[in-house]
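# Analysis of the macromolecular model
Here are the chains, one letter per residue:
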Amino acid sequence: MRTARAEMDPTPGDPAMRGQVSHSDVRRASRLHQTLVDLTAGFTDHFLQGGAERLSAEQAIPRDDPTVLFTNSAVVPFKPYLRGDLALGDRTLVVTQPCVRAHNLKTTFTEAFSADFVLQFNMLAVLAPVAARTSLADTISRFFSDLHGLKDSQVLLKVAADDHDLHTAWRDAWTTPVAYGEEPRRYYRWGFGEDRMTGRGATFAIAQSDGKWRDLGNLIAFEWDGRTVGYGFGIGVETLAACLARSRWVIDVMPAGVLPPVETEQEAKLADLLGLLARLYANDIEASGRAQGYIMRKALVTLDALAAELRVPQGELLSRMSAITAAQTPELDLAGPFDRDLTQLRALPEVVRSLDLSLRCRRDVSPEMLCAAAEGVSIPEVLRIDSSVSDVWRGPSLDEDEHAVTISLSLLTRHPLAPQQIKEALRTVTRELTGNFGATLRGTV
C-alpha cells in the first residue's frame, strides 16, 4: 500500500545515494515531468478551444472489470459512444488517458530495445462525429502549426490509398507530404477487444534532425459493424515530447530515463521498468499471483534480472525509485514498498521445472513460433517461461503438410509447484498453442 512520502530527496550525506542519482538529475527529471504536464495541457486546451468537451479518463488500473488487466488505449473511454451505449451526437470529446502496456514483459526485455516503446505512458485523444471529419482535420493541422510551429514539410501522413476519407480530409487541411501504402489497407487495423468494432488508421510522423520520420500518433476511422461511427486523433504525450525534442529514445524525455541518464539499450529497459513499477505502486498494486499483482511480480523479476546483468545494486535501484517519486509524485512513498518487495523476492530461491510438450501442427507453423507463443503465456505462480525446440519430426504417420514439434519448457517459480499445478500449467500452454495454431497435442498432459 502506498503511503505519504517522507523527505526522500537524495542527499550528499546518504551513503546509499552517493555517486548514483544527483540533485541535478532530480531537477532535470522534474523539468521533464513538467514539460509532459504542459504538453498535455496544451493539447487539451487546444481542442477545448476548438469546441471539444472534456471526457473523464478511465483508470490505468481497472478496478471493476476482472477481464482487463490494464487500460492500454485512449479508445477505452470512447467505447460507450462508439458502441452506441451513449449518444455522441454532434459533440467532440477530448481525453487524457493513463495507459499501461505490460502484457509481454519477457518478450519486451529479451528482444532488441525499441526507441519508441515505453511500458507506461499517457495518451492524448480526441473523438469526433462523422460529420466533423473535416473540422477535426483542420483542428489537428492547427495543433501542429499554431501550437508547435511545425511546417507542412515536417508532418507526414502515412495512409492506405483506399482509405479515401482519411487522406482527403487531411489533404484539405494540410499540404503535402502524404505517403500511400503500397497495398490497399496496409496501415493500422484494430479490433479494440470488441467483436463488432474495428478501426482504420493512418499514421502521423514528424521529421527529425537526421532527415528520418518518427511516428507520432494516428488518425482513425472507427467502425461499428462496418459502418464508420466516428473519427479519432491520438498521440502519446511522451512520444510527442520526443518528436519535438528530436530525442534519441522516448525514455529520454521521461523522468525515469534521466535518473541517472541512460546510455545503453539495457539501461533504457531498466529505466522503463522502474517507471512502470512507479506507476503500479502509485496505483496501490501489490505483488501477488493474480491479475495486476501477477504482472507486478513479473516486472519485479525482470527488473531484478536486468539489474544483476548491469550490476546495479539494490541501494541504487531504491535511490532511482525515490528520485522518480520526487519528480512525479512527491506526496507518495514508493521506494518503501519497492524495497520491501525486492527484498522479499531476493530472499526466495529460484525453482526451475523442465518439461516437454509435443504437438502435431502444419508445416507452415514454425517451431520458433510455438516457442515464442509458449513464452508469452501467463500462468499464476509461474514467473517466467523459457522455451526451446527439442525435436522436429516428419514421418509416415503424419500428413504431407504436417510436422511434429517437441518443445522444452522451463517454468521459473519462487516455490515448488504441486503436481496438479504443473499439469494445469501445461494445459494452459497447450490450450494457447492448439487454439492459436490449430495444433494437436501428441499424448496426454
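Coordinates for the structure precede this section.
Below, the structure is looked at part by part. (Residues numbered from 1 in each chain as written. Predicted model: local features only at pLDDT ≥ 70, side-chain atom pairs only at ≥ 80, totals over all residues. Heavy atoms only, no water.)

### Examining the pairing of strand E8 (residues 197–207)
Going by this rule: We call a residue buried when its accessible area falls under 20% of the maximum for its residue type, exposed when it is over 50%, and partly exposed in between, using a 1.4 Å probe and counting protein chains only. Numbering of helices and strands starts at the N terminus; helices are DSSP runs of H or I of at least 4 residues and strands are runs of E of at least 2. Paired strands are those between which DSSP finds at least two bridges.
For E8, the tally of buried residues reaches ten of eleven residues, placing the bulk of the element in the interior. Alignment of strand E5 (residues 155–159) against E8, held across four bridges, turns out to be antiparallel. In the strand pairing of E8, Lys-158 is matched with Thr-203. Across two bridges, strand E7 (residues 189–190) lies against E8 in antiparallel orientation. When the bridges of E8 are listed, Trp-190 appears paired with Gly-199.

### Focus on the pattern of salt bridges
Pairs may arise between side chains of opposite charge once their charged atoms sit close together. Worth spelling out the cut-off: The term salt bridge refers to a side-chain nitrogen of Lys or Arg lying within 4 Å of a carboxyl oxygen of Asp or Glu.
All told, the structure shown has 20 salt bridges when counted by the stated rule. Glu-194 serves as the salt-bridge partner of Arg-83, at 2.7 Å between the closest nitrogen and oxygen. Of this pair, Arg-83 sits in helix H2 (residues 79–83) while Glu-194 sits in the loop between E7 and E8, and the two are 111 residues apart along the sequence. We note a salt bridge from Arg-196 to Asp-225, for which the minimum N-O separation is 2.6 Å. Residue Arg-196 is located in the loop between E7 and E8, and its partner Asp-225 is located in the loop between strand E9 (213–224) and strand E10 (227–236); the two are separated by 29 residues in the primary sequence. Connected via shared salt-bridge partners are Asp-163, Asp-165, Arg-189, Arg-200 and Glu-223.

### A few points about the layout of surface pockets
Put simply, the rule is: Method remark: on a 1 Å grid restricted to protein atoms, a set of points is classed as a cavity if a 1.4 Å probe fits but cannot get out and as a pocket if it is open with protein on both sides within 12 Å along at least five of seven lines; lining residues have an atom within 4 Å of a point. Grid points are joined across faces, edges and corners, and a volume is the space filled by probe spheres set on the points. Residue type decides the class: Asp, Glu, Lys and Arg count as charged, Ala, Val, Leu, Ile, Met, Phe, Trp, Tyr, Cys and Pro as nonpolar, and the leftover types, Gly among them, as polar.
The volume enclosed by the second largest pocket comes to roughly 460 Å³. If you go around the second largest pocket, you meet 22 residues; those closest to its centre are His-33, Gln-120, Asn-122, Arg-279 and Gln-328. Counting only elements with at least two residues in the lining of the second largest pocket, the list comes to helix H1 (23–49), strand E3 (93–100), strand E4 (120–128), helix H6 (237–245) and helix H7 (265–282). Tallied by class, the residues present in the lining of the second largest pocket amount to ten nonpolar, ten polar and two charged.

### Structural notes on the packing of aromatic side chains
Under the convention used in this document: Stacked, edge-to-face and tilted are the three classes for Phe, Tyr and Trp ring pairs, Trp counted by its six-membered ring, which pair at centre distances within 6.5 Å; planes under 30 degrees apart are stacked, over 60 edge-to-face, the rest tilted. Counting as a charge over the ring demands two things of the Lys NZ or Arg CZ atom: a distance within 6 Å of the ring centre and an angle within 35 degrees of the ring normal.
Enumeration according to the criterion identifies 15 aromatic pairs in this entry. Consider the rings of Phe-47 and Phe-233, whose centres lie 6.1 Å apart with planes at 45°: the pair is tilted. Of this pair, Phe-47 sits in helix H1 while Phe-233 sits in strand E10; the two residues are 186 residues apart in sequence, bridging distant segments of the chain. We classify Phe-233 as buried; its relative accessible area is 1%. Grouped by ring-pair contacts, the aromatic residues Phe-43, Phe-47, Phe-143, Phe-144, Trp-170, Trp-174, Phe-204 and Phe-233 constitute a single cluster. Cation over ring: Arg-101 sits above Phe-117, and NZ or CZ is 4.3 Å from the ring centre. When the ring centre of Trp-249 is taken as origin, the NZ or CZ atom of Arg-248, which lies over that ring, is 3.7 Å away.

### Some thoughts on the sheet that holds strand E14 (residues 402–413)
Inclusion rule: We call two residues in contact when some of their heavy atoms are within 4.5 Å. Axis definition: a line fitted to C-alpha atoms, limited for helices to the stretch in contact. Angles are taken between N-to-C directions and run from 0 to 180 degrees.
Spatially, E13-E14-E12-E15 is the arrangement adopted by the four strands of the open sheet, whose pairing is antiparallel. The sheet is open, and its two edges are formed by strand E13 (384–393) and strand E15 (440–441), each paired on a single side. Bridge analysis of strand E12 (residues 351–362) against E15 gives two bridges, and the strand direction is antiparallel. Along E15, the bridge assignment pairs Leu-359 with Leu-441. Sheet strands touched by helix H12 (residues 419–437): E12, E13, E14 and E15. Its angle to E12, the strand with the most contacts, is close to 30°.

### Quick word on helix H8 (residues 291–310)
To keep things clear, this is the line we draw: Expected helix span is given by 1.5 Å per residue-to-residue step, counting one fewer step than there are residues.
In a regular helix each residue adds 1.5 Å, so 20 residues correspond to 28 Å; H8 covers 29 Å between its end C-alpha atoms and thus fits that length. With 15 of its 20 residues buried, H8 lies for the most part within the structure. Looking one or two places after H8, you find Arg-311, whose phi comes out positive at around 60°.

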